[in-house]
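# Working through the structure, step by step
What follows is the residue order along each chain.
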Amino acid sequence: ARPARLVDIARLPELSGIREDNGAVVIGATTRQVIAERSELVRRSLPLLNAALPWVGHPPTRNRGTVGGSIANADPSAEIPLVAVTLGAEIEIASSDGSTTMPADDFFIGPMLTVIGQGECISAVRFPVWTHRNVGVGFHEISARRSDFAFVSAAAQVALDDDGNCIEIALGVGGAGERPLRIDVASL
C-alpha cells in the first residue's frame, strides 16, 4: 500500500483505553495489543480475547500493534478479528459526519478488505460480555512456527448452567476463507 497521506492517530486520547460500558468492554482503536493482553478487565470479562492475544505476532509486534489496527488490516488469519466476529463484537466507526457502529461480521468483506470508507476511522471495538457464571474458552491455531501467520485458527466460547448443560456457544474459524467466519451453531 502506498497511501497519498498518512495520519497518525496514535496520540488521540479518545481513541485509546479499555473500559466497561453497558454490557460490553470497549477497547479503543489505538490501544496497544500488549495493554489488552495485560488488562485485568479483558482477563476477567473477555476470556476468549484473553486466550487469543498471546497468539498475536511476537511480543515486539504486540508492543506496537493496536487492536484497531488489527481490525482495520482485516487479515483473514488474524486473531483479533476472529474473536470480534466469533463474539459478535461491534466496530465503532468515526467520520466527519459522526459515529456509527456495525457488527464485526458485516465489517469484513474479504481478505484485507473492510467496509470502511474514505474519511472514516475505526474508533473502538465493543466486545459483548457474557454474564454467565460458568464460561469456558478455547483458542488454537496452526502455523509453521509459533507467532507466524496462522494457516487456520479456531475460537470457541461456551457457557454452561449449574447442571453442566450448554446454554450459549460461539464458534469461529480464521484463515479458512476470505474473512473470519462465525459458525452458526443453531443449525448444527
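The sections below set out a description of the structure shown in this document. (Residues numbered from 1 in each chain as written. Predicted model: local features only at pLDDT ≥ 70, side-chain atom pairs only at ≥ 80, totals over all residues. Heavy atoms only, no water.)

Moving on, we get to the sheet that holds strand β4 (residues 98-103). Reading across from one edge, β1-β2-β7-β3-β4 is the order of the 5 strands in this open sheet, with antiparallel pairing throughout. Two strands bound the open sheet, and with one partner strand each, they are β1 (18-21) and β4. With strand direction ignored, the average angle separating the axes of adjacent strands in the sheet is 25 degrees. Summarising the sheet, strand β3 (residues 90-95) and strand β7 (residues 121-128) pair through 5 bridges and their orientation is antiparallel. Paired with I93 across the bridge in β7 is I122. (Pairing = 2+ DSSP bridges. Helix = DSSP H or I, 4+ residues; strand = E, 2+ residues; numbered from the N terminus. Axes fitted to C-alpha atoms, helices over the stretch in contact; angles between N-to-C directions.)

The space that makes up the largest pocket amounts to roughly 820 Å³. Taken together, 23 residues line the largest pocket, and the ones lying closest to its centre are L6, V7, I9, A72 and C121. For the lining of the largest pocket, the elements supplying multiple residues, two or more each, are α5 (67-73) and β7. In terms of residue count, the dominant contributor to the lining of the largest pocket is α5 (3 residues). For the lining of the largest pocket, the class distribution of residues is 11 nonpolar, 7 polar and 5 charged. Counting residues per element, the lining of the second largest pocket draws most heavily on α5, which supplies 3 residues. (1 Å grid on protein atoms, 1.4 Å probe; cavity = no way out; pocket = protein on both sides within 12 Å on 5 of 7 lines; lining within 4 Å. Points joined across faces, edges and corners; volume = space filled by probe spheres on them. Nonpolar A, V, L, I, M, F, W, Y, C, P; charged D, E, K, R; others polar.)

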